[in-house]
Amino acid sequence: MMRILIAIAVLLGSAVPVVASSHARESLALGYQTEHADLVAMARLVSVAEDEAGDLRVVFSVTENIRGDATTGTSLVVAYPDTDHTPPWRAGRNHLLFLARRGSGDVYRALTGPTSIRAIPEEGAIARLPGMVRRIAATLADGDRPADREALQGLLVEWMQDPEPGVAWSAATDFVRRGDLHHGLNGARRAKVLAAFLAHPFGKASKDALAMAVAAARPKGAGEALVSVLDGKAGRTIRGTIGEALAVLKDPAVPGLIAKRLETAEAAARAGLVQVLGAVGGGESVAVARKFVADASAEVRVEAAHALGRIARSVRTAKPDAKVAGTTDLEGMLAAAEDPRERQAALWALAQLQDPEAVALLTKLARDDERKDVRRWAARYRERPRLTLILR
């Protein structure tokens, strides 16, 4: 999580790390900050001083009011915590500020920390940010002006296609957050969201954000397109997010698409496909997951056991008295497993089956198995089957 947030901060123009517990990822997006700030303005740095509490008092002079009640030429005082990190402001630069009032006085704070104070260079991707914020602000309700939802929708779809990862990430994140923008999305815009996702490079947080935007936009062929990215080696970098996106999409054809691809997939792709199957599969996918519990690849076996457990939990949530097969398969996997991760995954999956045979096996293993880790995990998962599987 921290690594993702730092990457986003850098992409969007801040060299200062963001504390993961302080701000949700969506609050770093341009649209979120423009909507939620009491004041959005361009301003130049005037002075920095330390107050009695050891925090900084940063004074800016407003050069342009974008949203709020600032007047050009007036001074703004921003209270900013004094940390060991390089501050986000720069002498001689114009800055894009997203500020929230601090209490009832005239002192402000940066809305979401360092990403809310951005020194703007003369050129480059970051130089584009003020223009983007102006366009976002023009779509928001202000005084007697109503919000222009369609215009904001169009801006975000346009920016999702941008080659700059930070721009695409911000647009996709804002689009997913704004559920009201998903309704009335025409076919052409839906297709553009899907095309943006497919064209965007792997290995960046923006790819994950675009996957979730596809699930929100629901373009034609979304399920098949999301599943297709799992085929290549790069798909392993995003398979967790693909599972989340497909769970949101709820396309009933997806489990069958995954099962078909599994028939010819290489080991790395099989692991990703099986993992995603666990996120979206129901009773029809039990037999598929069971098959791969005995796969030649250890990674696939682990993912298959996890998938079988997740599917069992999903099936039993919908129908508590449902019986999910797989005890024999998991017992065989456990007997042959040399990797502790395989043993843990198999035991966790057994606990999710929740049938008398599986519970009896866990009880026996917790009491009699010669392997200490098996006894410990069998007892833990038998007593607390709702625990999440965390493999180390």
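Below is a summary of the structure that appears in this document.

1. Focus: helix H5 (residues 165–177)
For H5, which comprises 13 residues, the first-to-last C-alpha distance of 18 Å matches the rise-based estimate of 18 Å (1.5 Å per residue) to within 8%. With twelve of 13 residues buried, H5 lies mostly within the body of the structure. Those residues of H5 lying buried are Pro165, Gly166, Val167, Ala168, Trp169, Ser170, Ala171, Ala172, Thr173, Asp174, Phe175 and Arg177.

2. Some words on the nonpolar core
Counting residues in hydrophobic clusters, the biggest one holds 104 residues, and the most contacted among them are Met160, Ile242 and Leu347. It is helix H7 (residues 205–217) that contributes the most residues to this core, ten residues altogether. Excluding anything up to four places from it in sequence, methionine 160 contacts Ala168, Ala171, Ala172, Phe175, Val193, Ala196, Leu210 and Ala213. Core analysis: the second largest hydrophobic core is formed by 17 residues, Ala41, Leu56, Val62 and Ile117 among them.

3. A closer look at the packing of H7 against helix H9 (residues 239–249)
At a closest axis distance of 8 Å, the pairing of H7 and H9 adopts a crossing angle of 10°. With respect to their mutual orientation, H7 and H9 come out roughly parallel. Here the hand of the crossing between H7 and H9 comes out right-handed. Where H7 abuts H9, its residues Asp208, Ala211, Met212 and Ala215 lie against Thr241, Ile242, Glu244, Ala245, Val248 and Leu249. Among the residues making up the contact of H7 with H9, the classes are represented as seven nonpolar, one polar and two charged.

Parameters and conventions
Residues numbered from 1 in each chain as written. Predicted model: local features only at pLDDT ≥ 70, side-chain atom pairs only at ≥ 80, totals over all residues. Heavy atoms only, no water. Helix = DSSP H or I, 4+ residues; strand = E, 2+ residues; numbered from the N terminus. Expected span 1.5 Å × (residues − 1). Buried < 20%, exposed > 50% of the residue type's maximum accessible area, 1.4 Å probe, protein only. Core = buried A, V, L, I, M, F, W, Y, C linked by side-chain atoms within 4.5 Å. Contact = heavy atoms within 4.5 Å. Axes fitted to C-alpha atoms, helices over the stretch in contact; angles between N-to-C directions. Parallel < 35°, antiparallel > 145°, perpendicular 65-115°, else oblique. Left-handed = near helix turned anticlockwise from the far one by under 90°. Nonpolar A, V, L, I, M, F, W, Y, C, P; charged D, E, K, R; others polar.

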